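# Geometric and topological summary
Here's the letter readout for the chains.
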Amino acid sequence: MEWPWDDDDDTDSLFDEPLAARDNAAGTVQASGNVECVVNDDDDDDADSLFDEPAASQSICPSALADDDTSESSPATIVARRSAAPIPGLHFDDLSPVPEELASSVLAQLTTQYFSRQDGPNQIMLFTRPSDSLPAPLDLLLAAISDLLRPSLPKEVHDLLFAPRGDGCARQAIVNRYAPGEGIVSHVDLLGRYGDGIAGVSLGAGCTMSFAPVEEGDGEPCGMWLPPRSVIALEGDARYKWTHGIAARSYDIVEGENGSSERIERGTRVSITFRWMLPGAHVVGDA
Ligand SMILES: O=C(O)CCC(=O)C(=O)O
Ligand SMILES: [Fe+2]
């Protein structure tokens, strides 16, 4: 079996499509046990980089690009809601956060392992082979959010997100670290790589996630505040017919009490996004 990172000159590379290029994109691969880890960690103009595609669909923006955007029509002036946006397939329950002890322990372990250098990577992609598990902290987090969401999700949605796959699908976890002022360009997660059922956890600081329909007229764009330790799940329309993104700002404007709004300064946020690779999408070339 050949893995995508075995040959990053291959035009069939997993990363030929705009995936997750960030301002400091390059791409080195570290292997640890059964998990492959792609680290996005320095400036690189090399066209053979794993991340050499233009950042059209997903890119993390450096603060210089869009911070301090105060124009009236800018997303900064959209007041983010605190409850789930009315988008079919978007699941969000602010009342069931990841337990504090687990959240701090996972955040500490991820920070030590991947983000210990200030000028180091801000994005880590971890791929398992089908039937293997993720590194321990992420595996624990995944099990915890599966338990947390079980009571509030329809069974078929819970199964889509968490049930072990018999179809050879591999798990992918992407860990993003955002300093205040950084965001991610609005996008739909790659259709040719990832399946349905995406779960995201916010650790450290919160942020506003923006949503907009892919087809104009399918709904109103909106912002949703994701507090620290919250979990969001996207499936169906929310995964396929709506974009999600995070404006590159150092603060958010969020619904307050009694119709008021409040300004919340951003802190460093670490997000973990769990996805399924499509059957066979982890294999490149001849299997
Ligand atoms: O940071 C987040 O919560 C979103 C990350 C994301 O959308 C992605 O990596 O595709
Ligand atoms: Fe995404």
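Everything here concerns the structure above.
First things first, this report covers the structure right here in the doc.

The rules behind these values
- Residues numbered from 1 in each chain as written.
- Chains lettered and ligands numbered in written order.
- Predicted model: local features only at pLDDT ≥ 70, side-chain atom pairs only at ≥ 80, totals over all residues.
- Heavy atoms only, no water.
- Salt bridge = Lys/Arg side-chain N within 4 Å of Asp/Glu carboxyl O.
- Helix = DSSP H or I, 4+ residues; strand = E, 2+ residues; numbered from the N terminus.
- Buried < 20%, exposed > 50% of the residue type's maximum accessible area, 1.4 Å probe, protein only.
- Near = heavy atom within 4 Å.
- Polar contact = N/O pair within 3.5 Å; in protein donor to acceptor, adjacent residues only side chain to side chain.
- Areas by Shrake-Rupley, 256 points an atom, 1.4 Å probe, with all protein chains shown as cover.
- Nonpolar A, V, L, I, M, F, W, Y, C, P; charged D, E, K, R; others polar.
- Pairing = 2+ DSSP bridges.

Pairs may arise between side chains of opposite charge once their charged atoms sit close together. Scanning the model with the defined rule gives 10 salt bridges in all. When the shortest N-O distance is used, the salt bridge between Arg82 and Glu262 registers 2.6 Å. Remark: Glu262 occurs in strand β15 (residues 261–265) and Arg82 occurs in the loop between α1 (63–66) and β5 (90–92); sequence separation between them is 180 residues. For Arg249, the salt bridge identified is with Asp252, shortest N-O distance 2.7 Å. A single burial state applies to Arg249 and to Asp252, both of which are buried. Look at the salt bridges and you will find they share partners, linking Arg249, Asp252 and Arg266 into a network.

Right, let's get into the site of ligand 1. Not every one of the 14 residues close to ligand 1 is listed here, only the nearest: Tyr178, His187, His244, Arg269 and Ser271. Note that an oxygen atom of ligand 1 is positioned 3.3 Å from one of the side-chain N or O atoms of Asn176. At 2.5 Å from an oxygen atom of ligand 1 is found a side-chain nitrogen or oxygen belonging to Tyr178. Burial of ligand 1 by the protein amounts to 96% of the accessible area it has alone, namely 290 Å². If one sorts the elements of the shell around ligand 1 by residue count, strand β16 (residues 269–276) sits on top with four residues. A class-by-class count of the residues in the shell around ligand 1 yields five nonpolar, six polar and three charged.

With six of seven residues buried, strand β9 (residues 198–204) is to be regarded as a mostly interior element. Across four bridges, the pairing between β9 and strand β12 (residues 231–234) is antiparallel. Bridge assignment links Val201 to a residue of β12, and that residue is Val231. Direction of pairing for β9 relative to β16: antiparallel, over a ladder of six bridges. Bridging from a neighbouring strand, Ala199 pairs with Phe274 of β16.

Don't take any of this as a statement about function, it's just geometry.
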